[in-house]
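# Descriptive analysis of the structure
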Amino acid sequence: MKSIVILISGRGSNMEAILRARSTTNLPVDIRAVISNRPDAKGLETAAAHHVPQRVVDHKDYASREDFDRALAGTIDFFQPDFVVLAGFMRVLGADFIAHFPNRIINIHPSLLPSFPGLHTHRRALAAGVKIHGATVHLVTPDLDCGPIIAQAAVPVLPDDTEQALAERVLAQEHIIYPRVIGWLAAGGVTCLPPAPSNAGPNVLQFDQLPVRHQAGEDFLRVPGGE
Ligand code: GRF
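### Concerning the pairing of strand β6 (residues 132-139)
- Judged by how many residues are buried, β6 sits mostly within the fold: 7 of 8 residues are covered.
- Pairing of β6 with strand β7 (residues 149-156), which is carried by 7 bridges, proceeds in the antiparallel orientation. Within the sheet, the bridge partner assigned to Thr-136 lies in β7 and is Gln-152.

In structure tokens form, the structure reads like this:
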């Protein structure tokens, strides 16, 4: 069975969706720990309620980003996970940290990447007047929110949408696709291939030079009203 460590910074609803999927759908994944960079993260209480070990590596305790990254990597290493799952983890991780877990860190971002990397995605989507918005699960590379895309969920932007209404519509889809991708990882269904033009094909998404193949053959564009 594959194992993961989940990193959070706050509410932890995506983390909770993964914990729930493990209990209710027998998601075959060993959740070794939840680590927060904020001692007051609400998600830590949720992790405790699910009897998952919790750790805090408070970024404020470290003089530099590099020192924090090293402490965080050491804490993760203690649990020896196959994958590191970022779920609302609000710190930018340095290249050395990412190289320490090559192709083993995934993130969920609340936009249809490569549109709207960074913060305030829903506000920016509304300001841009896009008609479709969504969320992306991707591999983490040193360039922020630029790693190879594994899955996306799309939602409509409605004429009278507020930032909050749009955020809630996207979040509901995040809670579906993130556990789904964890399931693919657990089943060995996501493979990173070395960059090569010959790897391009109908079931391969080329992005940031590193293609990701979904061996489960389950590429999907989720829309509300589906399952
Ligand atoms: C989610 O929208 C996620 O996509 C983004 O931060 C938010 C975290 O929410 N990275 P939660 O902590 O999982 O509830």
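### Things to note about unusual backbone geometry
- In this chain, Leu-113 is followed by Pro-114 through a cis amide linkage whose omega measures 10 degrees.
- Here Pro-114 lies in the loop between β5 (105-109) and α5 (121-128).
- With a phi close to 55 degrees, Asn-26 is a non-glycine residue in the positive phi region.
- Residue position: Asn-26 is located in the loop between α1 (13-24) and β2 (29-36).

### Regarding the packing of α1 against helix α6 (residues 163-186)
- Put simply, α1 and α6 touch, their axes get as near as 9 Å, and they point 50 degrees apart. Relative to α6, the element α1 is oriented oblique. Crossing hand, α1 versus α6: right-handed. Here Ser-13, Asn-14, Ala-17, Ile-18 and Ala-21 of α1 come into contact with α6, specifically with Leu-171, Glu-174, His-175, Tyr-178, Pro-179 and Ile-182.
- Here the residues of the contact of α1 with α6 are counted per class, giving 7 nonpolar, 3 polar and 1 charged.

### Let's talk about the site of the ligand
- Around the ligand, the structure places Arg-11, Gly-12, Ser-13, Asn-14, Gly-88, Ile-108, His-109, Pro-110 and Glu-174.
- Within the contact set of the ligand, a nitrogen atom lies 3.1 Å away from a backbone nitrogen or oxygen of Ile-108.
- Those elements giving two or more residues to the shell around the ligand turn out to be α1 and β5.
- Its residues placed into classes, the shell around the ligand shows 2 nonpolar, 5 polar and 2 charged.

Conventions we followed
- Residues numbered from 1 in each chain as written.
- Predicted model: local features only at pLDDT ≥ 70, side-chain atom pairs only at ≥ 80, totals over all residues.
- Heavy atoms only, no water.
- Buried < 20%, exposed > 50% of the residue type's maximum accessible area, 1.4 Å probe, protein only.
- Helix = DSSP H or I, 4+ residues; strand = E, 2+ residues; numbered from the N terminus.
- Pairing = 2+ DSSP bridges.
- Axes fitted to C-alpha atoms, helices over the stretch in contact; angles between N-to-C directions.
- Parallel < 35°, antiparallel > 145°, perpendicular 65-115°, else oblique.
- Left-handed = near helix turned anticlockwise from the far one by under 90°.
- Contact = heavy atoms within 4.5 Å.
- Nonpolar A, V, L, I, M, F, W, Y, C, P; charged D, E, K, R; others polar.
- Near = heavy atom within 4 Å.
- Polar contact = N/O pair within 3.5 Å; in protein donor to acceptor, adjacent residues only side chain to side chain.

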